[in-house]
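Examination of the molecular architecture
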Amino acid sequence: MVNKIHHDRHAFIDGAAQPTLSTGSKTIRAVDPSTLEEIATIYTSPPSTIDRAISSASEAFGSWSSTPPVERSRILLRAAALLRAKTHDLAILETQSTGKPYSETSTVDIPTGADVLEYYANLVASGGLNGESFPLRTSAWVYTTKAPLGVCVGIGAWNYPIQIALWKSAPCLAAGNCMVYKPSEFTSLHAEELVKIYKEAGLPNGVFNVVYGGGEVGSYLTKHPGVAKVSFTGQVSTGRKVAGSAAGEMKYVTMELGGKSPLIVLPDADVDNAVDGAMMANFFSTGQVCTNGTRVFVPKTMMAEFEKRLLEKMRYVRPGDLFDEKTNFGPLVSRVHWEKVIGYIKHGVEVDRAKLLCGGSGEVQGLPVSMRKGLWVRPTVFTDCTDEMRIVREEIFGPVMSILPYESVEEVVKRANDTPMGLAAGVFGKDINQCHDVIRQLEAGITWVNTWGESPAEMAVGGWKQSGVGVENGRKGLESWVKNKSTLVEMGGSVPTVFAKL
Ligand code: NDP
């Protein structure tokens, strides 16, 4: 049995929660999506509080940016160890806040966040921020240095709250920047736990501050003249606004946006493996994963077998008490999102006229009484879909798979690329040469062969086309938190000049 505690959240600035700065501010009621019970009151941050958070980060920047990387690394490694030690409590909170099963938050959300913190702490301690030097000619050489950007803003989506906060703050702080972070208004609880862990690990006050609220807080942050960079995770439509206002001040941006990713089952694929991949790509986290492979392309000749195996395995999707270790499927995150997903399912049936293989907009059966008010939805599969259907073209961000039959590999590559988004893509097949050849042609920044969804700290991830700008994680992920300085040194004793006496 998990204790139910009601939490209050106030902006966390300069190493402390700031209830006095919340006087008169609006509040947000946070609920547990599995039951709709209220779990927290979030006090949103008015502009004066956001200004305070930015000045606090700005004041901390001078000292933090000149702290040697190896010392910054030690603090971040301590924070990673604390995260791991507190995984159980953090996972409980994240489960209550997002509605994801504990079996998921305790094994994915917290550990993969800690992995990234460890990765960047180790990287900057082992030369990851070094520049290069090279001779230009016998009398001259060039060297480069990397400098942190300043005060950076992190704006998170609601689907992987603490993981997103860590994927942004780890490289940001490791590179010597300071951050003001705004979580999604729907899932804000993790932010105070994270800032307290950083503090306990020895992070100086002001290096990582948290403000709360919805789009208006995000918008104020992205326009703020004291901000050097915005790292944003969210929908394409919001990303456009954020990039637009950041562009006014020529701020650096990283945009991690939505997708409508293709999963291609090649004709020689192992059907069981491909079905497992399609299920992970659609039902993990109740389908609320940006890289979901929601367009599942299956050879026409394999359709019957694929559908049969999928239907057999659908019984392994187990909604239920989120703290039961067998539960692997939770509710959707919020009422507004639930309405959106149910709306798409109804549209699929009534307007797109797609064939419903299983699921649909009806109630989820067999839930404990306490959960019947929650935001549950059935895992849903449409089959025999066509490319122009709305459920096939738009990001649903819920557990809704569309199966699309195809005849030739050449045709399927063209159809897979026929989308303005390019976040992820993947293939299942035995002929590895063919797999690589298809991957080469797919227009997406994150791709998988014979698997789906794994995103380790070492692997840079970011979307193509409208799915994003820049990458997170891996060595490349660090580059987006620093600016380059190139220095040319002339040692010949005189300046090469055209203005010499003739
Ligand atoms: P939203 O775009 O609705 O919100 C993202 C964040 O932006 C929230 O914190 C939100 O605040 C804030 N925000 C809203 N309006 C503005 C604004 N005008 N200026 C600045 N910030 C603003 O996305 P969701 O939270 O609904 O997240 C789901 C989306 O995120 C999906 O499209 C998914 O694909 C994408 N995503 C992409 C990932 C990637 O790595 N590519 C990873 C995870 C998700 P609030 O919500 O508090 O109102």
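Computed from a predicted model, the values in this text were never measured in an experiment.

Glancing now at the packing of aromatic side chains. Under the counting rule described, the total for this entry stands at seven aromatic pairs. Note on Tyr-198 and Phe-208: the rings are 5.2 Å apart at their centroids and 65 degrees apart in plane angle, and the pair reads as edge-to-face. Within this pair, whereas Tyr-198 is found in helix H6 (residues 190-201), its partner Phe-208 is found in strand S10 (residues 208-210), the two being separated by ten residues in sequence. Each member of the pair, Tyr-198 together with Phe-208, is buried. Taken together, the aromatic side chains of Tyr-181, Tyr-198 and Phe-208 make up a single cluster linked through ring pairs. Its guanidinium or amino end placed over the ring of Trp-64, Arg-72 lies 6.0 Å from that ring's centre, counting from NZ or CZ. We note Lys-100 situated over the ring of Tyr-160; from NZ or CZ to the ring centre the distance is 3.2 Å.

What the rule picks out here adds up to zero disulfides. Free cysteine Cys-358: the closest other cysteine sulfur is in Cys-385, separated by 12 Å. The exposure class of Cys-358 is buried, given its relative accessible area of 15%.

For side chains of opposite charge, pairing can occur when their charged atoms come near one another. Taken as a whole and judged by the stated rule, the model has 23 salt bridges. Ionic pairing is found between Arg-309 and Asp-272, a salt bridge with its closest N-O pair at 2.8 Å. Placement of the pair is Arg-309 in helix H10 (residues 303-313) and Asp-272 in helix H9 (residues 271-283), with a sequence separation of 37 residues. Residue classification places Asp-272 among the partly exposed positions, given a relative accessible area of 32%. Across the pair Arg-393 and Asp-418 runs a salt bridge, and its minimum N-O distance is 3.9 Å. Here Arg-393 is found in helix H12 (residues 390-393), whereas its partner Asp-418 is found in the loop between helix H13 (409-416) and strand S18 (421-422), with 25 residues between them in sequence. Salt bridges linked by common partners bring Asp-272, Asp-276, Lys-308, Arg-309, Glu-312 and Lys-313 together as one network.

Spatially, S15-S16-S17-S14-S13-S19-S20 is the arrangement adopted by the seven strands of the open sheet, whose pairing is mixed. Of all the strands in the sheet, the pair left with one neighbour each is strand S15 (355-358) and strand S20 (446-449). This sheet shows a mean twist of 20 degrees between the axes of neighbouring strands, independent of strand direction. Where H9 meets the sheet, it contacts strand S13 (262-265), strand S14 (295-299), strand S16 (380-383), strand S17 (400-406) and strand S19 (424-428), and its direction lies at approximately 140 degrees from that of S17. Sitting on the sheet, H13 is in contact with S13, S14 and S17, with an inclination near 145 degrees to S17.

Right, let's talk about the pairing of strand S7 (residues 140-148) for a bit. The pairing of strand S6 (residues 133-137) with S7 spans four bridges and is antiparallel. Each bridged residue has a counterpart across the sheet, and for Ser-133 the counterpart in S7 is Tyr-143. What sits between the antiparallel neighbours S6 and S7 is a turn of two residues. In the sheet, S7 pairs with strand S23 (residues 482-490) via nine bridges, with the strands oriented antiparallel. Counterpart to Thr-145 in the pairing with S23 is Lys-485.

Right, let's get into the sheet that holds S7. Strand pairing in a sheet relies on backbone hydrogen bonds, with the paired strands running either antiparallel or parallel. In space, the three strands of this open sheet follow the order S6-S7-S23, with antiparallel pairing throughout. Only two strands of the sheet have a single neighbouring strand rather than two, namely S6 and S23. When strand polarity is set aside, the average angle formed by the axes of neighbouring strands in this sheet is 25 degrees.

This part is about H9. Here H9 contains 13 residues, and its C-alpha end-to-end distance of 18 Å stays within 8% of the 18 Å for a straight helix at 1.5 Å per residue. Turning to H9, its buried residues number three or more, namely Val-271, Ala-274, Val-275, Gly-277, Ala-278, Met-279, Ala-281, Asn-282 and Phe-283. The inward-facing, buried residues of H9 abut S13, S14, H10, S16, S17 and S19. Within two residues after H9, Ser-285 carries a phi angle of roughly 55 degrees, on the positive side.

Quick notes on the rules
- Residues numbered from 1 in each chain as written.
- Predicted model: local features only at pLDDT ≥ 70, side-chain atom pairs only at ≥ 80, totals over all residues.
- Heavy atoms only, no water.
- Phe/Tyr/Trp six-rings, centres within 6.5 Å; stacked < 30°, edge-to-face > 60°.
- Helix = DSSP H or I, 4+ residues; strand = E, 2+ residues; numbered from the N terminus.
- Buried < 20%, exposed > 50% of the residue type's maximum accessible area, 1.4 Å probe, protein only.
- Lys NZ or Arg CZ within 6 Å of the ring centre and 35° of its normal.
- Disulfide = S-S within 2.5 Å.
- Salt bridge = Lys/Arg side-chain N within 4 Å of Asp/Glu carboxyl O.
- Pairing = 2+ DSSP bridges.
- Axes fitted to C-alpha atoms, helices over the stretch in contact; angles between N-to-C directions.
- Contact = heavy atoms within 4.5 Å.
- Expected span 1.5 Å × (residues − 1).

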